[in-house]
Amino acid sequence: MSAHVTEPPRRPEHPQVRTRLRPRAGATRLGATARSEWIKLWSVRSAPAALAAAVLVVVVGGFVLGAGYRSGWASLSPGDRRSFDPTFTSLRGVQLAQLFVGSLGVLALTGEYATGLIRTTLAATPQRAQVLAVKALVLGLVVWALCTAASFAAFAIGQSQFTGPVPHASPGGPGVLRAVLGGGIFLTLVVLFGMALGALTRSTPLGLASLFGVLLVLPVAVQLLPGSVGERVDPYLPGEAGSQLWRVVPPSPHSLAPWTGAGLFALYVAVAAGAALVLVRRRDV
Amino acid sequence: MDTHVIEARGLSKRYGATTAVDRLDFRVEPGRVTGFLGPNGAGKSTTMRMILGLDLPTSGSVLVNGRDYQGIVWPLHEIGALLDARAVHPGRTAYRHLHSLAAANGIPRPRVDAVLEQVGLTSVAHRRVGGFSLGMSQRLGIAGALLGDPGILLFDEPVNGLDPDGILWIRTLMRSLAAEGRTVLVSSHLMSEMALTADHLLVIGEGRLLADTSLDELIARGAGDRVEVRAVERARLAAELREVGAEVTLEPDGTLQVTGVGSAAIGELAAARGHVLHQLRDVTSSLEEAYFRLTEGSVVYRAPVPA
Amino acid sequence: MPGTSKRISNGSPPVPGPPVTALRRGRAVLTSEWIKMGSLRSLRATALTGLVFSVLLAFLVCTGFHSRWHSLGPETRAAFRPVDTSLGFLQLTPLLFGALGALVVTGEYGTGQIRGTFAATPQRPLVLAAKAVLLGAVGLALALITVGFAFLVGQGQLAGTAPHASLGSSGAAGALLGGALYLTLTALFGLFLGVVVRSTAVAVSTLFGLFLVLPVLVDNLPKGAAWRHTVPWLPSNLGYSLWHSPAPLLVRATPAGFALAGWVVLLAAGALASLRVRDA
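Computed from a predicted model, the values in this text were never measured in an experiment.

Novice: Explain the interface of chain B and chain A to me, please; I cannot follow it from the model alone.
Specialist: A common way to state how big an interface is: give the accessible area lost once the parts meet. Between chain B and chain A, the residue contacts involve 63 residues of the former and 46 residues of the latter. Between chain B and chain A, roughly 4,500 Å² of surface is buried when both sides are summed, and carbon and sulfur atoms account for 59% of that area. When the area that chain B buries against chain A is broken down by residue, the three leading residues are L54, W74 and R92 of chain B, summing to 13%. Put simply, chain B and chain A have 16 residue pairs in polar contact (both at pLDDT 80 or more) between them. Every element with two or more residues in the side of chain B that touches chain A is listed here: β1 (6-15), α2 (94-104), α5 (164-179), α6 (191-197), α7 (215-222) and α10 (287-297) of chain B. Per element, the largest residue contribution to the side of chain B that touches chain A is 7 residues, and it comes from α2 of chain B.

Take a look at the structure:
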């Protein structure tokens, strides 16, 4: 070792380097972040797989539920027949799809924290709030486009099953088009909710537990409460409020109006996202 | 505006009651490899994360090219960093990983192929990085640091877990980057590695700066060069050397350890006074000795900073 | 150490390990797994959450009935079953027990510790068996405490105004044991599921899908022949049969218990096959 130590001292006698590489002409900060997130989204298997699964369960759900009601129509009670909502029934795959879409949203952030990739991401783009917002924009748009298409497909397939005595819906019916579009909007809000909770918890198990705890566990727990207590609280829960957007027949007299419910769900998402945007600037990564 | 310079002023980071980084002042200059040396847990990685705007200082500041990191629009063009080689998504290919980074900073796509070529990963560019060895991951991390052709490069413990070939490769790379006039800051807890790579050293212990000096000066001042002498009349020689201002210790093995007077002067004095010498040897202290002296005493020592 | 140097100087062979018998091997693996399980913070947190969540829900639901009993309609009062009401949390707590089971193994896959585990004990089925035995025992104890405590708290709230039950009431003991069995079996379900999918996220999402979302989707479908032959045999409905008083169209408690155990065995076979075929 000491032989190397006695090498002649190196002094900074070189001129400063002229680095030649410059950002592409016309590159904007926002556009660059979006391109980067777009590449990241499609370059791992999990995201396309979760998106494909979500689309699949929405479409297959339309078929299976449609076929189930057609074959079992005779066994339904008159009350059940009166409250039958052909649009909602064909879209109910959305309930299963929210698991895939929600997990995708949570993992989009917690995955980066778990591997430590978030440090590389934020070193390349130190505008943290922008990274978060653009990530949400990219994933939100992709989910919206795919799930809206899946909603229309499920609606078409479901209605084709409703023949004979089973009532079916047509896109021109009151509230029907809104409900079909609502399937895609609801799942978009779910993915954004998942991302916000993922950014807040920074842990996959905690993020998933909080998302599904709020969306799925809370309604069941509230329904256990006696009589009207549960009925009155239930409509204001995020998942229940949001799902009014893709129903035509409201499930209970206490239910919120479609856009009111969706607005309330969007408000919950906005509060979580706002907290995430504030915290991401303050916390060390 | 300063170019290719990192400057910390009163940089501090506290986690609750523990102080990880304590009022650091330093300036990392271009054209040389600056070693960031300290034992594990001394605060090196925390400092590096603060340079990159990942951890926020409790007080003080650290500026890259005169600006706060979070205010830089295209940071990869100014500073590239290798922090943790394993901090990648295991399911993404090396190419896509770099492509996403390049896109985030408006770096044209051909540059991705160029850096993959430079670090020798072209043949595995389209393999998932989950299957990479630590050495390959380290090369991928370095490719990411070089992507924007930055004037400043940061390497956090780059030789950890590398084989001898890889270590030699990184060492050569860092030296050539500095020779091109870039600023290179490399952290390590391995003094031997620093001795081979660095021109300048920042020594840190328990979050505090212990030395900011050139490698040679640190060795010279940290321990001091000495001369080892064996003489027949050692007591008389010792007394005569002390008369001319040398510090002399008599070791149990019979040698005299002399500091403050060079070997030539000792030889001349011995000849003039009629001594018979059996040995006259310069002993150069190592970086390790210098380092232990620094950290044991926790003496804050600083060479005059050139203006 | 004089003992050591003496042995070396005598040139005697290194100390042999204890003789390997199946019993010793099994005991060693059990001990090792027990230490790992006890030291995992996520497991303790999940178990504690399950207990607190269940007791709290039983308390809230029963307090609600207690305070609103006089305002409830006669049909609601007639349909009121104090045991079922206090155990309503069993529609949700299985998720936590399933997650508990999954975390026993997905945590090890996540950190890569599983390689160390299999390096120490290359007999992978033995490792899985040890995990299952311990999880089954710990899970059953935890389930009995959770169900029993929640039941007592719930009945304590009902006492006074609403009808209430005690441990000796007819059907109460059976419902409690059934509920505890349901929770224990879902914990094992989660464990084997975790071995198959190797990821906390996928395992937890699957549990939510199977135990929470799927029932919501299919339970209210028209009760045709296809429904009667499939839906009552879903894990969530078999579990419901185990603790709830008999419901029309659902399977009775005893066959439901066997059928749910059958699901677990099926998944265990899948887990064993996965352990044999795939690299750790």
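Here the narrative resumes.
Novice: What is the right way to read the sheet that holds strand β2 (residues 18-28) of chain B from this model?
Specialist: In any sheet, the strands associate via hydrogen bonds between backbone groups, in a parallel or an antiparallel arrangement. Residue and element names in this part refer to chain B. Reading across from one edge, β2-β1-β4 is the order of the 3 strands in this open sheet, with antiparallel pairing throughout. In this open sheet, the two edge strands, each paired with only one partner strand, are β2 and β4 (59-64). Pairs of neighbouring strands in the sheet enclose a mean axial angle of 20 degrees, with direction left out of account. As paired elements, β1 and β2 share 7 bridges and run antiparallel to each other. If you follow K13 over to β2, its bridge partner there is V21. Where helix α1 (residues 44-51) meets the sheet, it contacts β1, β2 and β4, and its direction lies at approximately 120 degrees from that of β1.

Novice: Would you mind going over the environment of A269 of chain C with me for this structure?
Specialist: Residues and elements named next belong to chain C. Among the secondary structure elements, A269 is positioned in helix α13 (residues 253-277). Classification of A269 as partly exposed rests on a relative accessible area of 45%. Along the sequence, A269 and A173 sit 96 residues apart, while their C-alpha atoms lie 32 Å from each other.

Novice: Even after reading the chapter, I still don't get the UniProt feature "transmembrane region" (unreviewed entry) in chain A, so can you show me in this structure?
Specialist: Mapped onto this structure's residue numbering, the UniProt feature "transmembrane region" (unreviewed entry) falls at residues 49-69, 89-111, 132-157, 177-199, 206-225 and 256-280 of chain A. With 96% helix and 0% strand, residues 89-111 of chain A has end C-alpha atoms that lie 34 Å from one another.

Novice: For this particular structure, what's the right way to read a positive patch on the surface?
Specialist: On the surface, R24 and R35 of chain A together with R96 and R109 of chain B cluster together into a patch of positive charge. Inspection of the secondary structure puts R109 of chain B in the loop between α2 and α3 (110-119). When its relative accessible area of 41% is taken as the criterion, R109 of chain B is described as partly exposed.

Novice: So what exactly am I meant to see when it comes to the sheet that holds strand β10 (residues 226-231) of chain B here?
Specialist: All names here are of chain B. With antiparallel pairing, 4 strands are arranged side by side in an open sheet as β11-β12-β10-β13. For this open sheet the edge positions go to β11 (247-250) and β13 (277-283), each flanked by a neighbour on one side alone. Direction aside, the axes of adjacent strands within the sheet are offset by 20 degrees on average. Of the pairings in the sheet, the one linking β11 to strand β12 (residues 256-259) comprises 4 bridges and is antiparallel in character. What sits directly across from T249, in β12, is Q257. The strands touched by helix α8 (residues 234-243) within the sheet are β10, β11, β12 and β13, with β11 carrying the most contacts at an inclination of about 160 degrees.

Novice: It is not clear to me how unusual backbone geometry should be interpreted in this structure. Could you clarify?
Specialist: Most peptide bonds take the trans configuration, and most residues that are not glycine carry a negative phi. Residues and elements named next belong to chain B. Backbone geometry places R23, a non-glycine residue, at a positive phi of 45 degrees. Turning to its location among the elements, R23 is positioned in strand β2. Note on R23: relative accessible area 57%, which makes it exposed. At D149, a residue that is not glycine, the phi angle is positive and equals roughly 50 degrees.

Calculation rules
Residues numbered from 1 in each chain as written. Chains lettered and ligands numbered in written order. Predicted model: local features only at pLDDT ≥ 70, side-chain atom pairs only at ≥ 80, totals over all residues. Heavy atoms only, no water. Contact = heavy atoms within 4.5 Å. Buried area = accessible area lost by both parts, 1.4 Å probe. Polar contact = N/O pair within 3.5 Å; in protein donor to acceptor, adjacent residues only side chain to side chain. Helix = DSSP H or I, 4+ residues; strand = E, 2+ residues; numbered from the N terminus. Pairing = 2+ DSSP bridges. Axes fitted to C-alpha atoms, helices over the stretch in contact; angles between N-to-C directions. Buried < 20%, exposed > 50% of the residue type's maximum accessible area, 1.4 Å probe, protein only. UniProt positions renumbered as here; feature names shortened; annotations may be inferred. Patch = residues over 30% accessible without salt bridge, like charges linked within 9 Å, V, L, I, M, F, W, Y side chains within 5 Å. Areas by Shrake-Rupley, 256 points an atom, 1.4 Å probe, with all protein chains shown as cover. Salt bridge = Lys/Arg side-chain N within 4 Å of Asp/Glu carboxyl O. Lys, Arg positive; Asp, Glu negative; His and termini not counted. Charge placed at Lys NZ, Arg CZ, Asp CG, Glu CD.

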